[in-house]
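Structural description and commentary
Chain residues, written in single-letter form:
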Amino acid sequence: MHSRLWCIPVAALVAAAILAVCLVAPTEETMGDAQRIVYIHVAMAWLALVGFLIVGAAGAMYLRGRNLLWDHWAQAAAELGWLCASLTLATGSLWAHAAWNTWWTWDPRLLTSFILWAAYSGYLLVRGSLDDPHRRARLGAVLAIVGVFDVPLVIMATRWFRGMHPTSPGMDPTMRLVLWLSVFSFTGLFVLLLAIRRRQLRQEGLLADLERQTPLEDRYAKERTCLPS
Amino acid sequence: MDYGARGAVGRHDKERYVTAKLWWMMHKDLASEWRARRVWPAMLLLGIVVALMFAVQMGLSPEQKQETVGSLLWLAIFFAGMLAMDRSFVAEREEGCWEGLLSYPVSPTAVYFAKLAVNAIALAAIQCVLIPLFVALSDVPLLERPWAMLAVAVLGNVGIAAIGTLLSGLAAGIRHGANLSVLLVLPLVIPVVLGAAEATRLGMEETLDAAWWRWCQLLGAFAVVFTTAGAVLFDFVVED
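Residues numbered from 1 in each chain as written. Chains lettered and ligands numbered in written order. Predicted model: local features only at pLDDT ≥ 70, side-chain atom pairs only at ≥ 80, totals over all residues. Heavy atoms only, no water.

**Some thoughts on the overall build of chain B**
We apply this condition: Strands are runs of DSSP state E lasting at least two residues, helices are runs of H or I lasting at least four, and both sets are numbered from the N terminus onward. This radius of gyration counts C-alpha atoms alone. The globule rule is 2.2 Å times how many residues there are, raised to the power 0.38. Relative accessibility decides the category of a residue: with a 1.4 Å probe and only protein chains considered, values under 20% of the type maximum give buried, values over 50% give exposed, and everything between is partly exposed. Here, two residues are considered to be in contact whenever any of their heavy atoms come within 4.5 Å of each other. Accessibility throughout is a Shrake-Rupley quantity obtained with a 1.4 Å probe, and a residue counts as covered only by protein chains that appear here. Charge convention: Lys and Arg are scored as positive, Asp and Glu as negative, and His as well as the terminal groups of each chain are ignored. Note on charges: their place is set at NZ of Lys, CZ of Arg, CG of Asp or CD of Glu.
Across its full length, chain B holds eight helices and zero strands. Secondary structure of chain B in N-to-C order comes out as α-α-α-α-α-α-α-α. The globule rule puts the C-alpha radius of gyration for 240 residues at 18 Å, and the 20 Å found for chain B is close to it. Seen along its three principal axes, the alpha-carbon backbone of chain B occupies a region of about 70 × 45 × 30 Å. Burial status across chain B gives 49% buried among its 240 residues. The long-range share in chain B, meaning contacts at least 24 apart out of those at least 6 apart in sequence, stands at 82%. Accessible surface, chain B: about 11300 Å² in total, of which carbon and sulfur atoms supply 66%. Across chain B, the 17 positively charged side chains and the 21 negatively charged ones have centroids separated by 8 Å.

**Points about the pattern of salt bridges**
Heads up, the condition is: A carboxyl oxygen of Asp or Glu within 4 Å of a side-chain nitrogen of Lys or Arg is what we treat as a salt bridge.
Within this structure, the stated rule accounts for twelve salt bridges over all chains. Put simply, R138 of chain A and E239 of chain B hold a salt bridge, and the shortest N to O gap is 3.3 Å. Of this pair, R138 of chain A sits in helix 5 (residues 133-159) while E239 of chain B sits in the segment after helix 8 (210-237), which puts the two residues in different chains. R138 of chain A gets classed as buried once you look at its relative accessible area, which sits at 5%. Of the residues examined, E239 of chain B reaches a relative accessible area of 43% and is grouped as partly exposed. Notably, a salt bridge pairs E198 of chain B with R201 of chain B, separated by 2.8 Å at the nearest N-O pair. One end of the pair, E198 of chain B, and the other, R201 of chain B, are both in helix 7 (residues 177-203), three residues apart, so they sit about a helical turn from each other.

**Examining helix 2 (residues 37-65) of chain A**
The following threshold applies: Take the number of residues in a helix, subtract one, and multiply by 1.5 Å to get its expected span.
Compared with an ideal rise of 1.5 Å per residue, which puts 29 residues at 42 Å, helix 2 of chain A spans 42 Å between its outermost C-alpha atoms and is within 8% of the ideal. Residue R66 of chain A follows helix 2 of chain A closely and has a positive phi angle near 55°.

**Let's talk about the confidence of the model for chain A**
This is how it is decided: For every residue, the pLDDT score states the predictor's confidence, bounded by 0 at the bottom and 100 at the top.
Taken over all residues, the pLDDT of chain A has a mean of 85, while the share at 70 or more is 87%. Within chain A, no element has a lower average pLDDT than helix 7 (residues 216-226) of chain A, which sits at 62, and none a higher one than helix 2 of chain A, at 93.

**A short note on the side chain of R201 of chain B**
Residue and element names in this part refer to chain B. Rules: Between N or O atoms, a polar contact is any pair within 3.5 Å; within protein, one atom must be a potential hydrogen donor and the other a potential acceptor, and residues adjacent in sequence are included only when both atoms are from side chains.
Classification of R201 as buried rests on a relative accessible area of 15%. Here E205 takes part through its side chain, which lies 3.5 Å from a polar atom of the side chain of R201. Other than its neighbours up to four places away in sequence, R201 contacts Q66 and E67.

**Structural notes on the interface of chain B and chain A**
In plain terms, the rule: When two components associate, each loses some accessible surface as probed by a 1.4 Å sphere; the sum of these losses over both components is called the buried area. Any residue that is not Ala, Val, Leu, Ile, Met, Phe, Trp, Tyr, Cys, Pro, Asp, Glu, Lys or Arg is counted as polar, Gly included; the first ten are nonpolar and the last four charged.
Facing the 29 residues of chain B at the interface are 29 residues of chain A. Taken together, the two surfaces of chain B and chain A that pack against each other cover about 2700 Å², and 77% of this comes from carbon and sulfur. The interface formed by chain B and chain A contains two salt bridges. One salt bridge connects R66 of chain A with E239 of chain B, and the closest N-O pair in it is separated by 2.7 Å. Linking chain B with chain A are three residue pairs in polar contact (both at pLDDT 80 or more). With eleven residues, helix 8 of chain B is the single largest residue contributor to the side of chain B that touches chain A. Taken together, the residues that form the side of chain B that touches chain A break down as 23 nonpolar, one polar and five charged.

**A few points about the packing of aromatic side chains**
The test is simple: By convention, a stacked pair of Phe, Tyr or Trp rings (six-membered ring in the case of Trp) has centres within 6.5 Å and planes under 30 degrees apart, an edge-to-face pair has planes over 60 apart, and any other such pair is tilted. By definition here, charges over rings are those cases where NZ of Lys or CZ of Arg is within 6 Å of the ring centre and within 35 degrees of the ring normal.
This model, assessed by the stated rule, comprises twelve aromatic pairs over all chains. Taken together, a centroid distance of 5.2 Å and an interplanar angle of 85° make the contact between F52 of chain A and Y120 of chain A edge-to-face. Residue F52 of chain A is found in helix 2, and its partner Y120 of chain A is found in helix 4 (residues 108-128); the two are separated by 68 residues along the sequence. Ring centres of F222 of chain B and F226 of chain B lie 4.4 Å apart, and the angle between their planes is 40°; on these two criteria the pair is classed as tilted. In this pair, F222 of chain B and F226 of chain B are both assigned in helix 8, four residues apart and thus about one turn of the helix distant. Using a relative accessible area of 1% as the deciding quantity, one classes F226 of chain B as buried. An aromatic cluster of three or more residues is present, and its members are F89, W98, Y112, F113 and F234 of chain B. Across from the ring centre of F89 of chain B, 5.6 Å away, lies the NZ or CZ of K115 of chain B, which sits over that ring.

**Some thoughts on the packing of helix 3 (residues 62-94) of chain B against helix 5 (residues 108-138) of chain B**
In helix packing, the relevant descriptors are the interaxial angle and the interaxial distance, both defined with respect to the helix axes. Residues and elements named next belong to chain B. Going by this rule: An axis is simply a line fitted to the C-alpha atoms; with a helix, the fit covers only the stretch in contact. Between two such axes, the angle follows the N-to-C directions and lies from 0 to 180 degrees. By convention, the crossing between two helices is left-handed when the near helix turns anticlockwise from the far helix through less than a right angle, and right-handed when the turn is clockwise.
Where helix 3 contacts helix 5, the two axes come as close as 9 Å, and the packing angle between them is 145°. Seen along the crossing, helix 3 lies across helix 5 with a hand that is right-handed. A breakdown of the residues in the contact of helix 3 with helix 5 according to their chemical character gives 16 nonpolar, five polar and three charged.

As structure tokens, this is what we get:
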């Protein structure tokens, strides 16, 4: 698949979603324009969770076949997922300040989002500490699978506390449509970035293999030709 | 010749063999700790200092103390327990015993179960000190229903030790991994800390209701899921 071909339609879709969020969605009565954050926030929260599931599934596939191509999917999804989890916390915090007059409160869903973000951060830290690609893939996969098992238990544990996060608020049909458009377009952007980043990681891997296969004297010879005379 | 009966005896012997090896691995860890006293004193001291600091900070009414003591107790248990869980693998690697342990004629899963059992015993040792200390310092009825406290402690210990043992084993193989392990374990162990804290709080109320039982079920589910996951995944952790 040529990712570049998809750039224009995905960019158009995201631009349409942002315009719809700003211009088409009706202004909410009590919160005003601050409520528009929700359209981005929900999309980011959804993608953070999807990203985590992709990391876990790709990790399991790596452990099954020991093919590094699966690990490239896992790393790409983890990087994008971390970004989405960070944006979920940031947009949620902005919304909470407008709605509840506080930047942060220990509501169950906020706690779940924070745990997801911390799990992503730990996963990326572990990967960053390892040089050998297979070792990095193997330990990363173990951590991701443990995380995937943990997420339902975290959700269950935190929901049993009383929460103040809106669960399924009644929405105007136009608002609902804009929300779906936002989720759909940002999912498209996520998939596109995932494909681009995965291809980049694969090329990095191929380059590293090539360097390992090149005899040392050839590499030195190549470096010498690059030096200014 | 009765091959079926011979097969049954063979299986029985194998089970006995694995159980004996499991016991010897646990015995090795407990005996070396008993002789050298390298981790447990520091772990117990950390637990006591945390408990004292909580008691100093808490200028609360008896009702408020009863509400918060469960969370403080389980956080103290977790942080002190992480010391023991970290060292259980780092010490093996530092002293060159790791390769020897892996070449022992048992599967890595048995090594995992032995380490898990020792770590759960370490957590129980902290609880034997911290629970009476919290009762004395904060004057809360933690031991009002000893069997309920015991059930929560056992389930919580197995849950924390299951995930802590797996991830400490993982972190021990990484450069500066000891600094990473608390960071890795803490977010994942939150359901246990929350569940155990809530079950401890509900265990002090006048009647044990369905909510207490629900939290115990969550703790039990966590312990089963992560003991199984640890047994399956530990093979991959110790591969090199």
